[in-house]
Number of protein chains: 2
Amino acid sequence: MVTDKLILNGNQVAESIKEALVERIQQLSHKGIVPCLATVLVGENPASATYVRMKGNACKRLGMQSIRIDLPEATTTKELVAAIQQLNDDPGVHGILLQHPVPAHIDERAAFDAIRIEKDVDGVTTLGYAQNAFGFAKFPSCTPAAIMAILAYYNLPIKGKHAVVIGRSPILGKPVSAMLLNQDATVTTCHSRTTHLEDLVRLGDIVVAAVGKPNFVKGDWIKPGAVVLDAGYNEGNIGDVDFEACVENAYAITPVPAGVGPVTIATLLKHTVDAAELLSE
Amino acid sequence: MVTDKLILNGNQVAESIKEALVERIQQLSHKGIVPCLATVLVGENPASATYVRMKGNACKRLGMQSIRIDLPEATTTKELVAAIQQLNDDPGVHGILLQHPVPAHIDERAAFDAIRIEKDVDGVTTLGYAQNAFGFAKFPSCTPAAIMAILAYYNLPIKGKHAVVIGRSPILGKPVSAMLLNQDATVTTCHSRTTHLEDLVRLGDIVVAAVGKPNFVKGDWIKPGAVVLDAGYNEGNIGDVDFEACVENAYAITPVPAGVGPVTIATLLKHTVDAAELLSE
């Protein structure tokens, strides 16, 4: 383990985000408002169940409320949309998170887009995506926002840097590319059809891995001095970046666990508090 | 002038798009429908007035209707939005084009977003942008769609190619980056803050210039064999690409005029016919 490297401590960034929420949650409580996140889980994916539980616990620890809607695997798109509509209309709910992925028979995009934009704290709606791409979203997707929060916390420069994003999903690769671009990075978005991927990653001053494949990014892909952010969360708590190898060339790097993950959850809490404030204005 | 190069003939692509509309316009006329594009021009920008006139004339030549709303320079955002609302509600209007740029005191984003999505044939709304980025827009922005149409017309491969886009505007650089990405290009989006721009452009198998600076892209920035698309339209009908210099290395290249421009207008007409069909379903 190399020690002269900047290991980007996601727990520390998450704490700083959560600390800033304490007083805001108190202020809301004076108005009789407890920020409330509703999580919707469809089916029996054990990893998803764990994520949902973690999010609920994180709410509790901050004195926020969370409600959990568990729907059976056989839920139709229509039933799921109806459940979301109910949460949209519930004045006690400020944020709605539909845990991804939903079972394959469901139209996930339709379900995401059923979420009222004022409660789209996970930044998954189509409209929210564009607002983020244009730089004025209230709630950018949480993992991209977490990546930006880590860069900001450690004062890592973005402007004029070449950022290489591996992945192009609607809730991760695409929005983080947009956010880096809006902060004046030059952005290359790579994916499964990219040829010469290693050569492109080697150009990156900032490398974001959002692939969903364990230890996918190899040590010799990293340009000396690069900043490496690992948004992967694969089985067994393994990131998309081969940390032990990539830390050699990197100037700064997020570990897994204790990297992007906890900041994502803290960002979700922050967005829920933001939503509670905005909805009570 | 080198002659063994593929000069991408925008007039030809535009004709093929317009030819395919003739029968559809006839079919609509049997139902008593004449596709109608409403153009909205605020202020006295002579270039904008020319574009609006060209678009109106193009409609006329195809037997389509166009109406033109001219608003004074002093128009407020509220007044402009009200004018757009009227067009939204007018069943005789199928497409609405707000000519860009509007005077600086107007909130252009608010004005764009006032356009009903079913009539947003120029693809300028925030929601339409995201639908396009996610690959399911009815009406992608016309210039990006025109660039894609040229690549398709000439069977130029996109999948796995490295596309370098110079520019990141909401109606050009960003959406064309998204469209190339959705067709499996690896996409690098560059802009005014990009460092080492020439080196990055030299990586491009496909280069899209959307800068708004005459003859900005130099000949030695082009990788031998690259496809060069010039979305620029600067004063005096000068593109963003130094054509005479860039044609040397390029495999294929759009000229200015008679490149992307006419295809953009043909795309606008196509979208208006699409909208007339969809609205009359």
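Scope of this entry: the structure provided in the associated data block. (Residues numbered from 1 in each chain as written. Chains lettered and ligands numbered in written order. Predicted model: local features only at pLDDT ≥ 70, side-chain atom pairs only at ≥ 80, totals over all residues. Heavy atoms only, no water.)

## Looking at the overall build of chain A
Of regular secondary structure, chain A possesses 10 helices and nine strands. For a compact globule of 281 residues, the expected C-alpha radius of gyration is about 19 Å, and chain A comes in at 19 Å, within 12% of that figure. With the C-alpha coordinates aligned to their principal axes, the bounding extent of chain A is approximately 50 × 45 × 35 Å. When the 281 residues of chain A are sorted by exposure, 55% land in the buried category. Taking all contacts inside chain A whose residues are at least 6 apart in sequence as the whole, residues at least 24 apart take part in 72%. If you sum the accessible surface of chain A, you get close to 11700 Å²; carbon and sulfur atoms cover 52% of it. (Helix = DSSP H or I, 4+ residues; strand = E, 2+ residues; numbered from the N terminus. Rg over C-alpha atoms; globule rule 2.2 N^0.38 Å. Buried < 20%, exposed > 50% of the residue type's maximum accessible area, 1.4 Å probe, protein only. Contact = heavy atoms within 4.5 Å. Areas by Shrake-Rupley, 256 points an atom, 1.4 Å probe, with all protein chains shown as cover.)

## Thoughts on helix 6 (residues 142-153) of chain B
Residue and element names in this part refer to chain B. Taking 1.5 Å of rise per residue, 12 residues should cover 16 Å, and helix 6 covers 16 Å from first to last C-alpha, within 8% of that figure. Counting buried residues along helix 6, nine of its 12 residues qualify, which places the element largely inside the surrounding structure. Within the span of helix 6, buried status applies to C142, T143, P144, A145, A146, I147, M148, I150 and L151. For helix 6, the elements touching its buried residues are helix 1 (10-30), helix 7 (173-182), strand 7 (206-209), strand 8 (227-230) and helix 10 (260-279). Count one or two residues on from helix 6 and you reach N155, which has phi positive near 50°. (Expected span 1.5 Å × (residues − 1).)

## Considerations on the interface of chain A and chain B
Tallying the contact residues gives 30 residues for chain A and 30 residues for chain B. Roughly 2500 Å² of surface becomes buried between chain A and chain B when both sides are summed, with 64% attributable to carbon and sulfur atoms. Looking at the side of chain A facing chain B, the largest losses of area belong to A:F134, A:L181 and A:T186, adding up to 23% of the total buried there. Residue B:D184 is joined to A:R168 by a salt bridge in which the shortest nitrogen-to-oxygen separation is 2.7 Å. For the interface between chain A and chain B, the tally reads 17 residue pairs in polar contact (both at pLDDT 80 or more). Put simply, the parts of the chain that give the side of chain A that touches chain B at least two residues each are helix 5 (126-133), helix 7 (173-182) and strand 6 (186-190) of chain A. Looking at the side of chain A that touches chain B element by element, the count peaks at six residues for helix 5 of chain A. Of the residues that constitute the side of chain A that touches chain B, the class distribution is 13 nonpolar, 11 polar and six charged. (Buried area = accessible area lost by both parts, 1.4 Å probe. Salt bridge = Lys/Arg side-chain N within 4 Å of Asp/Glu carboxyl O. Polar contact = N/O pair within 3.5 Å; in protein donor to acceptor, adjacent residues only side chain to side chain. Nonpolar A, V, L, I, M, F, W, Y, C, P; charged D, E, K, R; others polar.)

## Some words on the pattern of salt bridges
Side chains bearing opposite charge may pair, as long as their charged atoms lie close to each other. Residue and element names in this part refer to chain A. Taken as a whole and judged by the stated rule, the model has 20 salt bridges over all chains. A salt bridge links R24 to D274; its shortest N-O distance comes to 2.5 Å. Taken together, the residues R24 in helix 1 (residues 10-30) and D274 in helix 10 (residues 260-279) connect sequence positions 250 residues apart. Here R24 falls in the partly exposed class, since its relative accessible area comes to 22%.

## Remarks on the sheet that holds strand 5 (residues 162-166) of chain A
Read from one edge to the other, the open sheet built from 12 strands follows the order 1(A)-9(A)-8(A)-7(A)-5(A)-6(A)-6(B)-5(B)-7(B)-8(B)-9(B)-1(B), with strand pairing classed as mixed. Edge positions in the sheet fall to strand 1 (6-7) of chain A together with strand 1 (6-7) of chain B, since each of these pairs with one other strand and no more. Here strand 5 (residues 162-166) of chain B pairs with strand 7 of chain B via four bridges, running parallel. Bridge pairing in strand 7 of chain B places B:A163 opposite B:I206. (Pairing = 2+ DSSP bridges.)

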